[in-house]
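Secondary and tertiary structure notes
Chain by chain, the residues run as shown.
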Amino acid sequence: MKQVKQRTLLIYILLLLFLAGLAAYCVRYVALGGRWASFSGNLGAFEDGLPALGQIVDRNGVVLYDAAAGAYSENGTLRRATLHAVGDKAGNISTSALQNFRKQLLGYDLLTGTAGGGGRVYLTLDSRLQTAAYEALGSRKGTIGVYNYKTGELLCMVSTPTFDPADPPTIQDGDARYDGVYLNRFLSSTFTPGSVFKVVTAAAALEKLEGLETRTFQCTGSTVIGGDTITCPSAHGTMDFAGALAKSCNCAFAHLAVELGGETLSQYAQEAGLLSSHTVSGISTAAGSYVISENDSEIGWSGVGQYEDLANPCALMTMMGTIGGRGTAQEPYLLDKVTSMTGTAARSTGSSGKMHLWSADTCAALAEMLRNNVQTVYGQSRFGDLPVCAKSGTAEVGQGKTPHSWFAGFVDSDTLPLAFVVLAENSGGGSSVAGSMAAKVLRTAAELY
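Now for a quick tour of the structure. As the structure is a computational prediction, the values presented were derived from the model and not from experiment.

**Things to note about helix α8 (residues 198-208)**
- Counting buried positions along α8 gives 9 out of 11 residues, so the element sits mostly inside the fold.
- Every buried residue of α8 is listed here: Lys198, Val199, Val200, Thr201, Ala202, Ala203, Ala204, Ala205 and Leu206.

Structure below.
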């Protein structure tokens, strides 16, 4: 009898252990099943380390990559334009959809696993705008980004240099044609911002310096600060504050920077989102930097976007969108929705949140000045009827090197609320080079939307 009781107790203990193990497995299956399914060792869903199920498509359903067939779009230009968004088969581009949206591509479900044939992953990108931006950049290295600051949809994200992922080249070390080709410059790089940073200095001046609107500035082409000479491309003469921004006067803004101080400029750059890493549908962006100096000349140069200032293109675009939204804008996102391969069971993803920037009054004043830049300096005719507000930048990147060309801003419109950024590395004047690229892309957007 005693042996029966002991055996019964042992059976109960084993049963409890079994049930506990089963419960633990169920909990882990619910929590980690998607990760298990998206492990590249899952031969039922992966081939040579790449998802073998699902499709990546643009916002209109244009197929960019068919995982089951292992095939990209038939359009070679589109393949190059979307390389950094879609990814390459070797997995070299860490910010790509092939690397970051694997679970969605596999169409994993708790009940059916990956038996549904994968998911159709809709990106917010528009292939037509991607192609226009790629063609605008031409042979230059750089990036162009466009997003709807009311909804957060990232409509365009092009990075160059690029290559055809359907026929990848053999890239030798030191080949300048492919310098940084695996890097998504829009998300993962930082660059000297040049005069685009004057928007941050202007915001700080508007909020911290009394009587700014009535002040005048005199530019003779150069000024001495802290024993160092701050130069302008030309003598701008007498200007008010808005005129100093429109003419991008280094002398005026360097003096304003010294008056504000490095601590204040760092604070405003942080508030602008330029010094932090952000996420775009879970993909991290590079954080910019601002070094606080005790030297007045270095503070002056930092206030005009030089010295050791660094900014990420996506962050600058978002800052401009938030000015367009008068202090509030949706943060950009890339993953729009996921459906089954038959188009059913749509699951929306949407924006990650809102960006808040300075005060509504400050942003309204900045928007007015950025609009004045286009109307009085850059040329409204380039943008047709679009009410574009923008700031150019010509960023010095070393003696003997051609400056980086920047153009960033937004369309001040409820029907076409687009913010944009253009960077063309080592390409010269911001307004003439990057501004022309922005005009081409924005005109295409106006025709499309």
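**A look at a nonpolar patch on the surface**
- Residues Leu9, Leu10, Ile13, Leu14 and Leu17 make up a contiguous nonpolar surface patch of roughly 490 Å² in combined accessible area.
- With respect to the helices, strands and loops of the structure, leucine 14 is situated in helix α1 (residues 2-37).

**Considerations on empty space enclosed by the protein**
- A full pass over the atoms with the stated rule returns 1 cavity of 30 Å³ or more.
- Its boundaries defined by the atoms lining it, the largest cavity holds a volume of some 100 Å³.
- Lining the largest cavity are 13 residues, and of these His278, Cys314, Ala315, Thr318 and Pro332 lie nearest its centre.
- Secondary-structure elements contributing two or more residues to the lining of the largest cavity are β13 (279-280) and α13 (313-324).
- Take the lining of the largest cavity: its biggest share by element is 3 residues, from α13.
- Of the residues assigned to the lining of the largest cavity, the class counts are 6 nonpolar, 6 polar and 1 charged.

**Regarding the nonpolar core**
- Among the nonpolar cores identified, the biggest contains 86 residues, and Phe241, Met319, Ile323 and Trp358 are the most heavily contacted of them.
- Dropping the residues within four chain positions of it, tryptophan 358 is found in contact with Val199, Val200, Ala203, Glu207, Tyr268, Glu271, Ala272, Met319, Ile323, Cys363 and Leu366.
- Core analysis: the second largest hydrophobic core is formed by 32 residues, Leu129, Leu386, Phe420 and Ala439 among them.

**Some words on the pattern of salt bridges**
- Inspection of every chain in the model, using the stated rule, returns 8 salt bridges.
- With a shortest N-O distance of 3.7 Å, lysine 141 and aspartate 179 are connected by a salt bridge. Of this pair, lysine 141 sits in the loop between α6 (127-137) and β7 (142-148) while aspartate 179 is found in the loop between β8 (154-160) and α7 (185-188), placing the two residues 38 residues apart along the sequence.
- Overall, the relative accessible area of 46% leaves aspartate 179 in the partly exposed class.
- In this structure, the salt-bridge partner of arginine 326 is aspartate 412, at a minimum N-O distance of 2.9 Å. Of this pair, arginine 326 sits in the loop between α13 and β15 (328-330) while aspartate 412 sits in the loop between β20 (404-411) and β21 (418-424); the two residues are 86 residues apart in sequence, bridging distant segments of the chain.
- Judged by relative accessible area, arginine 326 falls into the partly exposed class, the value being 30%.
- Using a relative accessible area of 31% as the deciding quantity, one classes aspartate 412 as partly exposed.

Each value, and the rule that gives it
Residues numbered from 1 in each chain as written. Predicted model: local features only at pLDDT ≥ 70, side-chain atom pairs only at ≥ 80, totals over all residues. Heavy atoms only, no water. Buried < 20%, exposed > 50% of the residue type's maximum accessible area, 1.4 Å probe, protein only. Helix = DSSP H or I, 4+ residues; strand = E, 2+ residues; numbered from the N terminus. Patch = residues over 30% accessible without salt bridge, like charges linked within 9 Å, V, L, I, M, F, W, Y side chains within 5 Å. Areas by Shrake-Rupley, 256 points an atom, 1.4 Å probe, with all protein chains shown as cover. Salt bridge = Lys/Arg side-chain N within 4 Å of Asp/Glu carboxyl O. 1 Å grid on protein atoms, 1.4 Å probe; cavity = no way out; pocket = protein on both sides within 12 Å on 5 of 7 lines; lining within 4 Å. Points joined across faces, edges and corners; volume = space filled by probe spheres on them. Nonpolar A, V, L, I, M, F, W, Y, C, P; charged D, E, K, R; others polar. Core = buried A, V, L, I, M, F, W, Y, C linked by side-chain atoms within 4.5 Å. Contact = heavy atoms within 4.5 Å.

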